[in-house]
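# Analysis of the macromolecular model
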Amino acid sequence: MKKYEKAIEMILFISATIATLSVFLITFFIFKEGLPILLEYGILNFVFGANWAPTNGSYGALPMIIGSVSVTVGALIIGVPMGIACAIFLAEIAPTPLVKLFKPAVELLAGIPSVVYGFFGLSVIVPMIRTYILPIAQKFNSDAFTTGYSILGGAIILAVMILPTIINISENSIRAVPNEYKQGSLALGASQFDTISKVIVPAAKSGIITSVVLGMGRAVGETMAVILITGNMPKIPGSPLDSVATMTGTIAMEMGYASPMHQRALFATGIILFVFIMLLNVTATFTTRKLGRG
C-alpha cells in the first residue's frame, strides 16, 4: 500500500513541477522576445506612445492599453451588479427547484465558446447599438457617430462572459457563511433584506471581491469575441461608442503577418498584458487572505 502511496505522491509532485515550470518557461519566453524592444524603444515611449503604426516603426501601445481597460471597466460596470445580485438570489432567495434550473444555465454560459459570443454580438449587439443607442446619443451630441463596433458592444459581451465566474464564486462564498449569522440577525428582528445586505454579504466579501478580480482577469484576457465586436481601431477613444483595439485582439490579428521587429513589439505588448493579469491574480490572493484574517 505504501508503494502505491509513494507512486501517487511522485505523480503529484511531477505534475506540480511541470505546471510551475511551464509558468516560468512562458514568462521567460515572453520576456526574452519582448524585453529587447522595450529597452531599445524605451519603456515609457512604448507604454505611453499614442501612435501604433508598425509599418512606420511607431510602437505606441497606449491606445490598446486604454482600449483593454475601457472595455474591461465597462464589462465590470454591467456584469458585477448583475452577477452579485444573481448569486444572492440563488443562495438566499430562490426556491430549490428554481436553483436547480438556474444553476445549469449559468454553468452553460461558461462552456459556450467565445467565438459564439462574438457572432452573437456581431449579429445582435452591434446592430442594436447602431439602431437604438446612436439616436439617443445624438440627442445629447449631434456629432455622435458609431458603426456599432464599439467599447459598449465589447463591454456588453464581456459582461455576459464574466457572469459565470462572478456568480459561481460569489454564490459559494455566500453559502459558506455560517447559518448562525443569518439566524441571529433574523432573531434580533432584522428583515431578510437587512440580513442579506448587512450580515451575509459583508461576511462573504472576500469571496465576492475575488470573483470580481478573477472576472476582470477573464475580461482582460478575452480575444476572439473582442476582435469581432470592438472594431480593432488602434486609437484613443473619446466615448463608449468609439471603436477601439485591445492588447489581446491586436496580438491575435497582427502576429500572423508581422515583420521581426513588429513581432517583438507584439511580444512587448504581451509583457504588459502578462504583468497586468499577474497583478490582478496577486491582488485577488492578497485580498482574500487579508479579508479572511479580518
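For the structure given in this document, a descriptive report is provided here. All values derive from a computational prediction rather than experimental measurement.

Moving on: the overall build of the protein chain. Secondary structure assignment for the protein chain yields 12 helices and two strands. In sequence order, the protein chain lays out its α and β elements as α-α-β-β-α-α-α-α-α-α-α-α-α-α. Along the first, second and third principal axes, the C-alpha set of the protein chain runs to 70 × 70 × 35 Å. Sequence separation of 24 or more characterises 72% of the internal contacts of the protein chain that already satisfy a separation of 6 or more. Surface exposure of the protein chain reaches about 16100 Å², of which carbon and sulfur atoms provide 70%.

On to empty space enclosed by the protein, then. A full pass over the atoms with the stated rule returns one cavity of 30 Å³ or more. The volume enclosed by the largest cavity comes to roughly 40 Å³. Together, Ser68, Val71, Thr72, Leu158, Ala219, Val220, Glu222, Val226, Thr246 and Thr248 line the largest cavity. Those elements that provide at least two residues to the lining of the largest cavity are helix H3 (62-93) and helix H9 (205-221). Considering every element that reaches the lining of the largest cavity, the biggest residue donor is H3, with three residues. Class assignment for the residues of the lining of the largest cavity results in five nonpolar, four polar and one charged.

Under the criterion given, the structure shown has six salt bridges. Glu92 is the salt-bridge partner of Lys182, the closest N and O atoms lying 3.1 Å from each other. Taken as a pair, Lys182 in helix H7 (residues 179-187) and Glu92 in helix H3 lie far apart in primary sequence, 90 residues in all. Overall, the relative accessible area of 25% leaves Lys182 in the partly exposed class. Connected through shared salt-bridge partners, Lys103, Glu107, Glu171 and Arg175 make up one network.

A separate point is helix H11 (residues 247-254). The element H11 is extensively covered by neighbouring structure, given that six of its eight residues are classed as buried. Inspection of H11 places Met247, Thr248, Gly249, Thr250, Ile251 and Glu254 among the buried residues, and these make up the whole buried set.

A few words on the nonpolar core. In terms of nonpolar packing, the biggest core is built from 59 residues, with Phe46, Trp52, Ile157, Leu158 and Ile174 touching the most fellow members. Ala94, Val106, Leu163 and Ile167 belong to the second-largest nonpolar core, a separate cluster that totals seven residues.

Moving on: a nonpolar patch on the surface. There is a patch of nonpolar side chains on the surface, built from Met10, Phe13, Ile14 and Ile18 and spanning about 420 Å² of accessible area. With respect to the secondary-structure elements, Met10 resides in helix H1 (residues 2-41). The class of Met10 is partly exposed, set by a relative accessible area of 48%.

So, how was this worked out
- Residues numbered from 1 in each chain as written.
- Predicted model: local features only at pLDDT ≥ 70, side-chain atom pairs only at ≥ 80, totals over all residues.
- Heavy atoms only, no water.
- Helix = DSSP H or I, 4+ residues; strand = E, 2+ residues; numbered from the N terminus.
- Contact = heavy atoms within 4.5 Å.
- Areas by Shrake-Rupley, 256 points an atom, 1.4 Å probe, with all protein chains shown as cover.
- 1 Å grid on protein atoms, 1.4 Å probe; cavity = no way out; pocket = protein on both sides within 12 Å on 5 of 7 lines; lining within 4 Å.
- Points joined across faces, edges and corners; volume = space filled by probe spheres on them.
- Nonpolar A, V, L, I, M, F, W, Y, C, P; charged D, E, K, R; others polar.
- Salt bridge = Lys/Arg side-chain N within 4 Å of Asp/Glu carboxyl O.
- Buried < 20%, exposed > 50% of the residue type's maximum accessible area, 1.4 Å probe, protein only.
- Core = buried A, V, L, I, M, F, W, Y, C linked by side-chain atoms within 4.5 Å.
- Patch = residues over 30% accessible without salt bridge, like charges linked within 9 Å, V, L, I, M, F, W, Y side chains within 5 Å.

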